[in-house]
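Structural overview
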Amino acid sequence: MPNVHLRIVGRVQGVGYRYALQHEAVRLGITGWVRNRADGSVEALAQGPQPALDALIAWARRGPPAARVSDVTATPATGASQQSHEAFVIGPNL
């Protein structure tokens, strides 16, 4: 199953972005995780059918109403990131 690593930059911490992304991923049937990074960005790993991943990436570019997304980088996940996930969870901050 395809995997994608996301890095979201902008006003994305303190606005409910992780919770909203988790909700959208679950709605789309995607598994993986999302977390805040020390540099103020949000990072996520998503696994699911390509059309669902494309929809999540499109959503990530908008985010929840209070967010101001300036950039989203989406790259294929490699190595250990390709492991299977059973749910979509909010991970510990990095």
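Our structure's up above, just so we're on the same page.
Residues numbered from 1 in each chain as written. Predicted model: local features only at pLDDT ≥ 70, side-chain atom pairs only at ≥ 80, totals over all residues. Heavy atoms only, no water.

**Focus: the nonpolar core**
Grouped together as the largest cluster of nonpolar side chains are 23 residues, with contacts concentrated most on Leu-6, Ile-8, Tyr-17, Leu-21 and Ile-30. Listed by contribution, the elements that provide at least two residues to this core are strand S1 (3–11), helix H1 (17–28), strand S3 (42–47) and helix H2 (50–62). Residue contributions to this core peak at six residues, all from H2. In contact with Leu-6, not counting residues within four places along its chain, are Val-42, Glu-43, Ala-44, Leu-56, Ile-57, Val-72, Thr-73 and Ala-74. (Core = buried A, V, L, I, M, F, W, Y, C linked by side-chain atoms within 4.5 Å. Buried < 20%, exposed > 50% of the residue type's maximum accessible area, 1.4 Å probe, protein only. Helix = DSSP H or I, 4+ residues; strand = E, 2+ residues; numbered from the N terminus. Contact = heavy atoms within 4.5 Å.)

**Section: the packing of aromatic side chains**
Considering all chains together, one arrives at one aromatic pair under this definition. Ring geometry for Tyr-17 against Trp-59: centres 5.5 Å apart, planes inclined by 55 degrees, an arrangement best described as tilted. Note that Tyr-17 is positioned in helix H1 and Trp-59 in helix H2, a separation of 42 residues in sequence. Just as Tyr-17 is buried, Trp-59 falls in that class too. (Phe/Tyr/Trp six-rings, centres within 6.5 Å; stacked < 30°, edge-to-face > 60°.)

**Section: the side chain of Gln-47**
On the secondary structure map, Gln-47 appears in strand S3. Its relative accessible area of 6% is what places Gln-47 among the buried residues. Side chain to side chain, Gln-47 and Asn-3 meet in a polar contact 3.5 Å long. A distance of 3.2 Å separates the side chain of Gln-47 from the backbone nitrogen of His-85, its partner in a polar contact. (Polar contact = N/O pair within 3.5 Å; in protein donor to acceptor, adjacent residues only side chain to side chain.)

**Re the pattern of salt bridges**
Summed over all chains, the structure comprises four salt bridges. Salt-bridge contacts for Arg-7 lead to Asp-39; the nearest nitrogen and oxygen are separated by 2.6 Å. Of this pair, Arg-7 sits in strand S1 while Asp-39 is found in the loop between strand S2 (31–36) and S3, placing the two residues 32 residues apart along the sequence. For Arg-7, a relative accessible area of 24% puts it in the partly exposed group. Close ionic contact of Arg-35 with Glu-43 constitutes a salt bridge, the shortest N to O distance being 2.8 Å. When salt bridges with common partners are traced through the structure, they connect Arg-35, Arg-37 and Glu-43 into a single cluster. (Salt bridge = Lys/Arg side-chain N within 4 Å of Asp/Glu carboxyl O.)

**A word on the sheet that holds S2**
What holds strands together in a sheet is hydrogen bonding between their backbones, with the strands either parallel or antiparallel. A sheet is described by the order of its strands in space; here five strands give the open sequence S4-S1-S3-S2-S5, paired in mixed fashion. Whereas interior strands pair on both sides, the edge strands pair on one side only; in this sheet they are strand S4 (68–76) and strand S5 (88–90). On average, each strand axis in the sheet is tilted by 15 degrees relative to the strand beside it, whichever way the strands run. Pairing analysis gives eight bridges linking S1 to S4, with the strands arranged antiparallel. (Pairing = 2+ DSSP bridges. Axes fitted to C-alpha atoms, helices over the stretch in contact; angles between N-to-C directions.)

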